[in-house]
Amino acid sequence: MDASIWSNELIELFIVIGNKRANSFWAGKLQPEEELHMDSPLEKRITFITQKYKEGRFRKTPVGYKTKEELNKALCAAVVKQDVLETMTLLFSGADVMCATGDPVYSTPYLLAKKAGQRLQMEFLYHNKFSDFPNYDTGFESGFSQDASHSTFLCEFLYKVSYNAAKLFTDRKLKEDCNKRWCTLESGFLSYYENDKTTTPNGMIDISEVICLVVHKEDSFLNTGAIFTFEIYLLSERVFLFGAETAHSQRKWTWAIAKHFVPFVAECLLKRDYDLIGQLYYKDCHNLDQWRKGWFAIDKSSLHFCLEMENAQEDSIHLRRLQELTISSVIQNGEKIDVLLLVEKGRTLYIHGHTKLDFTVWHTAIEKAARTDGNALQDQQFSKNDVPIIVNSCIAFVTQYGLGSKHIYSKNGDPSHVSELLESFKTDARSVKLRAGTHQLEDVTDVLKCFLSQINDALLTKELYPFWISALDTQNEKERVRKYGTFIQSLPPVNRATLAALIEHLYRVHKCSEINYMNPHNLAMVFSSCLFQTKGHTSEEVNVIEDLIKNYVQLFDINEGQVKQMDTENSFITKWKDTQVSQAGDLLIEVYVERKEPDCSIIIRVSPLTEAEELTNDVLGIKNIIPNKDEIWAAFEVIENGELERPLHYTENVLEQVLHWSSLPEPGSVYLVIKKFLTADAVKLYNEKNAKGNVKAGYLKYKEEPSKLLSGNKFQERYFVLREGNLLLYKDMKSSKPEKVLPLGSLKLYLGVKKKMKPPTNWGLTVYSEKHHWHMCCDGQDTQMEWMTSIFNAQHSDIWPPAGKARKQSITKNPKIGGLPLIPIQQEKNTSKTRGNAEHIKAGKLTFSEQDENDIAEEKKNLKERAYIVAQCLGRKEEKVKNHVKKHRSLICVEDTGADIADLHQSPYKESRTLKKHEHKTNKSNLESDKLPSNVIQELNTVLQKNRALHEET
């Protein structure tokens, strides 16, 4: 033996303790089946020795010690005695060899042993003074400790790849540059050696610098066989790639590494079968003012996280249910960083990485996890109602454009287009936007049928097939429907939600069967093979699907109000599409002249093709206002309770703007006003400036809403440039690249800034686009008007019709309605019919002479029927619908039922124009809360586009 190492005291120490006594501790819990046999191979011997001495897997638990402080106290008491085995037991169970003794002179256990003259205790403590031992605990699958972060020890041959972060990792590079290295994980450092005999490591990784760890679940292949890889990303932007020979070994190493750098508060993430785990900066609804650190892990299609908050618990986002997943760039501390926005069911989370490299890893992983992953229903991307996006998109498209299409769903689309569209949905359904003109109705219906036919299991499930069919043996319909309901409740949640959405849609289609000829039986003939996934269809399968469609209301607990709403929507969707430019297509709207006051308002008819110039001319004509030669009057849209207003371009469609109001948060606060806009000289001046082709540019105070993220709550000075159809935002005049670009075609420009934004000046501009709300403040009114007219001119090429152009007149007969109660107006047919002469109009009620009582009764009946749909759509109460005379409204829709109903003359009723002002105010206030459903508004806007195209063609 080497005398320089094996001193007399060390030899004596081994003799005193001995193998038997040492094994009473080290193998105190060793089971017979775990014992090492004489013929065990080398690898098993190495594993056993590591588990026994490094991991302490078989140690005997010391009794009576619950905390490390208690172990330290016991160690201080043991070292002054002769029993070295007790000292060894305490030390190798987690006591600190350098713990404080409480004695200022003899401050360590070694000094206490020296004071007591215990030579063997001193020898033992001396040789272990720099060692670090794990506390006893039952660890993860392999048995290593879950306690102190520096306690885990691993050693094994791993494959290591030389990895340049600037280059992508490929299988080819793995095969070319992969080398087998002896690796150890000890005391928070991962070291790799040339082989297991080498004492000096080739390199060392400080695990405390790890910011994310990637685990590749798919194995890669070398010439020697499969390996299971993982990547380590450091704060210094270095990347290391390792590979293990088994999935279990990969999991053991990645768990141990993650255990070292994930703090205790986020330890719950280690229980996940994660593909990626690490630290990110985040902002959420709890604190939007500053970035905080959080710990995140991706497990299949879920993002689990523990945020830096008091009493924070693990939370998660289902990535396939995201409503939004977008990336943007922001400036922070003078440096450009990428930020990822995740929105799920109203929850918003912003995240960014420590470096560009780790952010790219997270962004790629989240995008991949958010996509469709398989052919099963539960593997699809979902909308917020837990229905696959592909199903919702197809249903919405068919509802909007196909309810009135004859034999919908029975016609076939183009196979190549169907296949291409279906593949797009399967790749990333969230990015697919179905648009009329771009996508054909028959292609979309085939995509829906193909999807339902090709998913791994039938929507109604093959397991339940015999139960669905056997239910037909029940002759009593109520009992049969009850059985169907039981089967529906037994479906998986995703199947149940999808079936509910689909049957609702088919029920809606069947309600329009007078137009599309698709009754429940015809629909069942089409969909039975899709929902059961059978080849062809049998009469039994058809009967089941027909029953589901017919009994949709009972099966899914749909109330009467929901059914009426569906009927109302169907009526608008189908009947408006048949409406041309006619009296029956007009709406009645309230317009103000110069200011919003009761005396300044009039009710006027607006057709689907009315433009702002027509509306302005009609109102001025009704009010007998003759503008001066130098004056230009325009229609203004006023929003935000009068704080923002914008002039409508003379070619803008009025009805499109009005219908858009119902989608706003406060539609009652929006109105139209006709007033002076600019002088002819001003228009000439601005046209001359714009005609020169000069680029409009300058500094403005700027603020974006919502200011959730990045720029704080104050207005900041930015340099704006108006060029080539875009509004460009630069940090300053010297910047070469714009921070943001806004296409002019997609924005609306308003004069003014909301008071709650605390604008620094009184001359503001507000820009609304689909994704951005910009608030800009100018130094003076001249600057404000210059910017407004420049943008206005860039959008429309002119501000007002050229001089000498004939003023556009209204195509609507009798645009003025006066003070009559607003009832639906029918085409002026059979005007020769006898009408009752009015005797009185009091409190909005009409009284007719007795001689025309029969005619008027029939007229009332028809008017009530026609008003019913309108009132329902506008959210009015049922009792209001039953009244013949409706109170004043700011928006009423008129439909053409084709009935032979006489119109009501306005001229004889002079009394109607003397209604009391307080009645007018009361009626108007009752109307401001009414709001069209958003889906109906979408349908009406679609009709407007079609009517406009038709009008232009004619």
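Residues numbered from 1 in each chain as written. Predicted model: local features only at pLDDT ≥ 70, side-chain atom pairs only at ≥ 80, totals over all residues. Heavy atoms only, no water.

(A) Looking closely at the overall build of the chain. Helix and strand counts for the chain come out as 28 helices and 30 strands. Split into buried and exposed, the 954 residues of the chain put 50% on the buried side. A total of about 47900 Å² of accessible surface is found on the chain, and carbon and sulfur atoms cover 49% of it. (Helix = DSSP H or I, 4+ residues; strand = E, 2+ residues; numbered from the N terminus. Buried < 20%, exposed > 50% of the residue type's maximum accessible area, 1.4 Å probe, protein only. Areas by Shrake-Rupley, 256 points an atom, 1.4 Å probe, with all protein chains shown as cover.)

(B) Structural context of helix α8 (residues 247-261). Its 15 residues place the ends of α8 21 Å apart at the C-alpha level, agreeing with the 21 Å of an ideal helix rising 1.5 Å per residue. The element α8 is largely enclosed, with a buried count of 13 among its 15 residues. (Expected span 1.5 Å × (residues − 1).)

(C) Quick look at the packing of helix α15 (residues 493-511) against helix α17 (residues 520-532). Interhelical geometry of α15 versus α17 gives an angle of 155 degrees and a closest axis separation of 10 Å. When the axis of α15 is compared with that of α17, the two are roughly antiparallel. By crossing handedness, the relation of α15 to α17 is classed as right-handed. Contacts between α15 and α17 involve L502, L506, V509 and H510 on the former and, on the latter, P520, L523, F527 and L531. Taken together, the residues that form the contact of α15 with α17 break down as seven nonpolar, one polar and no charged. (Axes fitted to C-alpha atoms, helices over the stretch in contact; angles between N-to-C directions. Parallel < 35°, antiparallel > 145°, perpendicular 65-115°, else oblique. Left-handed = near helix turned anticlockwise from the far one by under 90°. Contact = heavy atoms within 4.5 Å. Nonpolar A, V, L, I, M, F, W, Y, C, P; charged D, E, K, R; others polar.)

(D) Looking closely at the packing of aromatic side chains. This structure, assessed with the given rule, holds 28 aromatic pairs. Look at F230 and F242: their rings are 5.8 Å apart centre to centre, the planes differ by 25 degrees, and that puts the pair in the stacked class. Separated by 12 residues along the polypeptide, F230 in strand β7 (residues 225-234) and F242 in strand β8 (residues 239-244) bring together distant segments of the chain. Given a relative accessible area of 0%, F230 falls into the buried group. F242 sits in the buried class, given a relative accessible area of 1%. (Phe/Tyr/Trp six-rings, centres within 6.5 Å; stacked < 30°, edge-to-face > 60°.)

(E) Broad picture of the pairing of strand β1 (residues 154-161). For β1, the tally of buried residues reaches six of eight residues, placing the bulk of the element in the interior. Pairing geometry for β1 and β8, over three bridges, is antiparallel. Residue pairing in the sheet places V161 in a bridge with L241 of β8. (Pairing = 2+ DSSP bridges.)

(F) Molecular detail of helix α11 (residues 415-428). Here α11 contains 14 residues, and its C-alpha end-to-end distance of 20 Å stays within 8% of the 20 Å for a straight helix at 1.5 Å per residue. The complete set of buried residues in α11 reads V418, L421, L422, F425 and D428. The arc that holds the buried residues of α11, viewed along the axis, is 160 degrees, so those residues lie on one side. Every exposed residue of α11 that faces more than 90 degrees away from the buried side is listed here: P415 and E420. The elements touched by buried residues of α11 are α10 (389-401) and α12 (441-454). (Arc of directions from axis to C-beta.)

(G) Broad picture of the packing of α12 against α17. As a packed pair, α12 and α17 sit with axes 6 Å apart at the nearest point and diverge in direction by 35 degrees. Only V526, F527, C530 and L531 of α17 make contact with α12, whose side of the interface consists of K449, L452 and S453.

(H) Looking closely at the nonpolar core. Formed by 67 residues in total, the largest nonpolar core has its most connected members in Y409, L452 and W468. For this core, the element with the highest residue contribution is α15, accounting for eight residues. Each residue touching L452, except ones within four places of it in the same chain, is listed here: L459, L502, F527, C530, L531 and Q533. Grouped together as the second largest cluster of nonpolar side chains are 35 residues, L700, L747, L751 and I799 included. (Core = buried A, V, L, I, M, F, W, Y, C linked by side-chain atoms within 4.5 Å.)

(I) Structural detail: the pairing of strand β11 (residues 302-307). Taking burial as the measure, the six residues of β11 include six buried ones, the bulk of the element. In β11, alternate side chains face the same way, and those of S302, H304 and C306 on one face and L303, F305 and L307 on the other are all buried. Where strand β10 (residues 287-299) meets β11, six bridges bridge the pair, whose relative direction is antiparallel. Bridging from a neighbouring strand, G294 pairs with L307 of β11. In this antiparallel pair of consecutive strands, β10 and β11, the connection spans two residues, and K300 shows a positive phi of 60 degrees.

(J) How the structure looks around unusual backbone geometry. Even without a glycine there, the phi angle at E237 is positive, about 70 degrees. Tracing the sequence through the fold places E237 in the loop between β7 and β8. At D386, a residue that is not glycine, the phi angle is positive and equals roughly 65 degrees. Tracing the backbone shows D386 in the loop between α9 (356-370) and α10. Judged by its relative accessible area of 24%, D386 is partly exposed.

(K) A look at the confidence of the model for the chain. Chain-level pLDDT for the chain is 78 on average; 75% of the residues reach the 70-or-more range. Across residues 810-814, where pLDDT falls below 50, the model places 14 contacts with residues more than four positions away in sequence or in other chains. Segment residues 950-954: pLDDT under 50, and two contacts once partners within four positions in sequence are set aside and those in other chains are kept. (pLDDT = per-residue confidence, 0-100.)

(L) Representation of a nonpolar patch on the surface. Judged by side-chain polarity, I5, W6 and F14 come together as a nonpolar surface patch covering roughly 310 Å² of accessible area. The topology assignment puts I5 in the segment before α1 (8-26). (Patch = residues over 30% accessible without salt bridge, like charges linked within 9 Å, V, L, I, M, F, W, Y side chains within 5 Å. Salt bridge = Lys/Arg side-chain N within 4 Å of Asp/Glu carboxyl O.)

(M) Highlighting the side chain of R59. Along the chain, R59 falls in the loop between α2 (42-54) and α3 (68-78). Among the polar contacts listed, one links the side chain of R59 to the backbone oxygen of F92, at a separation of 2.5 Å. (Polar contact = N/O pair within 3.5 Å; in protein donor to acceptor, adjacent residues only side chain to side chain.)

(N) Region of the structure containing the environment of T486. Looking at the element boundaries, T486 is found in helix α14 (residues 477-490). On the basis of relative accessibility, which here comes to 44%, the residue T486 falls in the partly exposed class. In this structure the C-alpha to C-alpha distance between T486 and L555, which are 69 residues apart in sequence, comes to 9.4 Å.

(O) Geometry of the environment of E569. Mapped onto the secondary structure, E569 falls in helix α20 (residues 560-577). A relative accessible area of 7% places E569 in the buried class. Remark: the alpha-carbon pair of E569 and T399, spanning 170 residues in sequence, is separated by 10.0 Å.

(P) Main features of the pattern of salt bridges. Scanning the entire structure with this criterion turns up 31 salt bridges. The closest approach of N and O atoms between R718 and E739, which form a salt bridge, is 3.5 Å. With a gap of 21 residues between them, R718 in strand β22 (residues 716-723) and E739 in the loop between β23 (726-730) and β24 (740-743) connect regions that are remote in the sequence. Accessibility expressed as a relative area gives 15% for R718, which makes it buried.

(Q) Structural detail: the state of the cysteines. The tally for this structure, following the rule as stated, stands at zero disulfides. Its sulfur unpaired, C76 is 3.9 Å from the next cysteine sulfur, which belongs to C99. (Disulfide = S-S within 2.5 Å.)

(R) Focus on the environment of I639. Checked against the element boundaries, I639 lands in strand β18 (residues 631-639). According to the relative accessible area criterion, I639 is buried, its value standing at 6%. Considered as a pair, I639 and Y750 are 111 residues apart in the sequence and their alpha carbons are 9.1 Å apart. In this structure, I639 is in contact with L644, S669, V670, Y750 and Y768, ignoring residues within four places of it in sequence.

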